[in-house]
Structure formats: C-alpha cells, structure tokens
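Structural features, examined
If you want the building blocks of each chain, they are given just below.
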Amino acid sequence: MKILFIGDIVGRPGRQMVGRHLASLVDRHLIDLVVANAENAAAGFGVTPDVVDELLGMGIDVLTTGNHVWDKKESFASLDQEARLLRPANYPPGLPGKGWGVFRTSAEVPVAVVNLEGRVFMNNLDCPFRAADAILGELAAAARIVLVDFHAETTSEKGAMGSYLDGRVSVMVGTHTHVQTADERLLPGGTAFISDAGMTGSRDSVIGIRKELSVERFLTQLPVRFEVAKREPMLCGVVVTVDESTGRAQAIERVQIVDRE
C-alpha cells in the first residue's frame, strides 16, 4: 500500500495547494491513505474547526499537528470531537484530543498514526521516546502499519527517534522546520525515514512567513506580527510504499510541487 504524507500546511496558500494537487497526486501514485500536518493551516498558527473541515473535505484522511495546536482556542473542541485530528501524544494527560489513532483505508487495511513532539529547543514535555514505547505497546494488536509524525526542531533528535523506532514502525517522518530535507531513506529495520517532509505554503518566504517581516524581527528584535506569505506556493511531502503483510517500508520518495506565477 502507499501513504502520502504532506508537510506542514501554512495558511491559505498551503490549503489551496492541497486543493489543487491532492487528487492528481492520489491518482498518480495510487495512494491508499493521506496524512498531513495542519498545525499552521489557519493563518499560519494553529487550526480552527472550519479549516479542519476544509482539509478533511479535500480528501486528507488524518491531520497531525504540533506545538501550535493550542494557538487557537476554537481547536480545543475539534480535538475532542474529530477523531481524525491528532495532537502530540506527549503533552500532559487530561488535555483535549488524542495523540494517536487507528484509521482504515478504503480496502479496510488498518493504519496507526502517532503524533509526537520533540523537546530540544521546544516545550518541556514528557519524553517522546518513552511515550512512543507506551503507545506502540497499546498498538501491538491493532495495526501492523504505523506512521509517526515527529514534530521536532533538530535533525539530531529526529535521527535518534528514527533509529529508536527502526523496525517497530513503518514510517517516521519529521515535521516543524518547514524545510524539506534530502535524507529520505529506508533504515536497516525496515522503517522509512526523513528528517523533515517540508512545508506546503509559500516558497518565496521565510518558512511560510512574509520575508520582510521575518527580517525585521531579526534586525530589531521587536515582536513583529507575522503574516503568511502568498507568492510561489508549493506542496512538499513524501510517498511511502509499505508491505501490508509485514509493515515494513519498501520505498520512500520525496514530493515537491511549485506553482510558479
């Protein structure tokens, strides 16, 4: 089977790219399940119920998030009510939403999706490595195919997580830095890995934000209000082929589409 993972969707330009290209990507690659990180999908910061509905209506099967999931209070209700919207599992207990779930393809193949957040240069959260151990213990009988979205800042932490999970999950894809890395590969134990799937938003930007605003913040150190950039929208992600009988990945391919003006 084939899984399409779409990197961090940033604002309306990112959502529009998904709307324009998702159907053709699914047809071209014979995709069975679509997963996308949506934590920046609502004006660059967080998600809202309307944005969640919009993205799911486009054909995305599961939405993951990260540290910006709490930026808009409207998302709290969606996290509790929409099983296809996940948030990192290693936040403190009792918060809205869930960090993992088991979803079925149109052929009724169960696929587990796990959302975790890193700690290096990030929030002071529970250990994502130990959280992964606990979740995989619960998932043992539920799904042979497991995809992990590890929302983390550093390639070192992502690489360590990939090695830690190698052979225990089918796919470990990194998100958060908004820059697609060229290190996609199959790890020795059969796990498909990439440090960062990249961003779905404006390429003519600083990680999806208007360039001049980002430069101003660096120059002045003032809390400049960020706005989503719009020019040269692109879609980044990966297509992973997985053996249904073993859960081992067979191939991973980067995807990058740019709509030039």
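Look a little higher up for the structure.
The paragraphs below set out a description of the structure included in this document. (Residues numbered from 1 in each chain as written. Predicted model: local features only at pLDDT ≥ 70, side-chain atom pairs only at ≥ 80, totals over all residues. Heavy atoms only, no water.)

What follows is about the sheet that holds strand β7 (residues 145–151). Pairing is mixed in the open sheet, where six strands are placed in the order β5-β6-β7-β8-β10-β9. For this open sheet the edge positions go to β5 (100–104) and β9 (185–186), each flanked by a neighbour on one side alone. Across two bridges, β9 lies against strand β10 (residues 192–194) in antiparallel orientation. Residue pairing for β10: L186 is matched across the bridge by A192. Of the strands in this sheet, β6 (110–117), β7, β8 (171–175) and β10 touch helix α5 (residues 155–165), which is tilted by about 170 degrees from β8. (Pairing = 2+ DSSP bridges. Helix = DSSP H or I, 4+ residues; strand = E, 2+ residues; numbered from the N terminus. Contact = heavy atoms within 4.5 Å. Axes fitted to C-alpha atoms, helices over the stretch in contact; angles between N-to-C directions.)

Attention shifts here to a nonpolar patch on the surface. A grouping of V179, V206 and I207 is seen on the molecular surface, where their side chains present a nonpolar patch of about 220 Å² in accessible area. Mapping V179 onto the fold places it in the loop between β8 and β9. By relative accessible area, which is 49% here, V179 ends up partly exposed. (Patch = residues over 30% accessible without salt bridge, like charges linked within 9 Å, V, L, I, M, F, W, Y side chains within 5 Å. Areas by Shrake-Rupley, 256 points an atom, 1.4 Å probe, with all protein chains shown as cover. Salt bridge = Lys/Arg side-chain N within 4 Å of Asp/Glu carboxyl O. Buried < 20%, exposed > 50% of the residue type's maximum accessible area, 1.4 Å probe, protein only.)

A complete count under the given rule lists twelve salt bridges for this structure. Among the salt bridges present, the one from D259 reaches R20, with a minimum N-O distance of 2.9 Å. Taken as a pair, D259 in the segment after β13 (249–258) and R20 in helix α1 (residues 11–29) lie far apart in primary sequence, 239 residues in all. Using a relative accessible area of 45% as the deciding quantity, one classes R20 as partly exposed. Its salt-bridge partner being D204, residue R231 comes within 3.6 Å of it at the nearest N-O pair. With R231 in the loop between α6 (211–220) and β12 (233–242) and D204 in the loop between β11 (199–202) and α6, the pair connects residues that are 27 residues apart, well separated along the chain. D204 gets classed as partly exposed once you look at its relative accessible area, which sits at 21%. Each of D204, K211 and R231 takes part in one network of salt bridges that share partners.

Each regular strand displays side chains that alternate between the two surfaces of the sheet. Counting buried residues along β6, seven of its eight residues qualify, which places the element largely inside the surrounding structure. Hairpin remark: β5 followed by β6, antiparallel, with five residues in the connecting loop; positive phi at E108, about 70 degrees. As paired strands, β6 and β7 are joined by seven bridges and run parallel to one another. Opposite V111, over in β7, you have I145 as the bridge partner. In this view, the connection linking β6 to its parallel neighbour β7 by way of helix α4 (residues 128–139) has right-handed handedness. (Right-handed = clockwise from strand over helix to strand, strands pointing away.)

To continue, consider the pairing of β11. Where strand β2 (residues 8–9) meets β11, two bridges bridge the pair, whose relative direction is parallel. If you follow I9 over to β11, its bridge partner there is T200.

Glancing now at the side chain of T191. Mapped onto the secondary structure, T191 falls in the loop between β9 and β10. By relative accessible area, which is 0% here, T191 ends up buried. When residues no more than four places from it in sequence are discounted, the contact partners of T191 are L165, D166, G167, R168, V169, S170, V171, M172, R185, L186 and A249.

L4, I6, I9, L55, I60, L63 and L235 are the most contacted members of the largest nonpolar core, which has 30 residues in total. Beyond its immediate chain neighbours, meaning those up to four positions away, L63 contacts A36, A38, V52, L55, L56, R84, L85 and L86. Membership of the second largest hydrophobic core comes to 23 residues, among which are F5, V171, I194 and A249. (Core = buried A, V, L, I, M, F, W, Y, C linked by side-chain atoms within 4.5 Å.)

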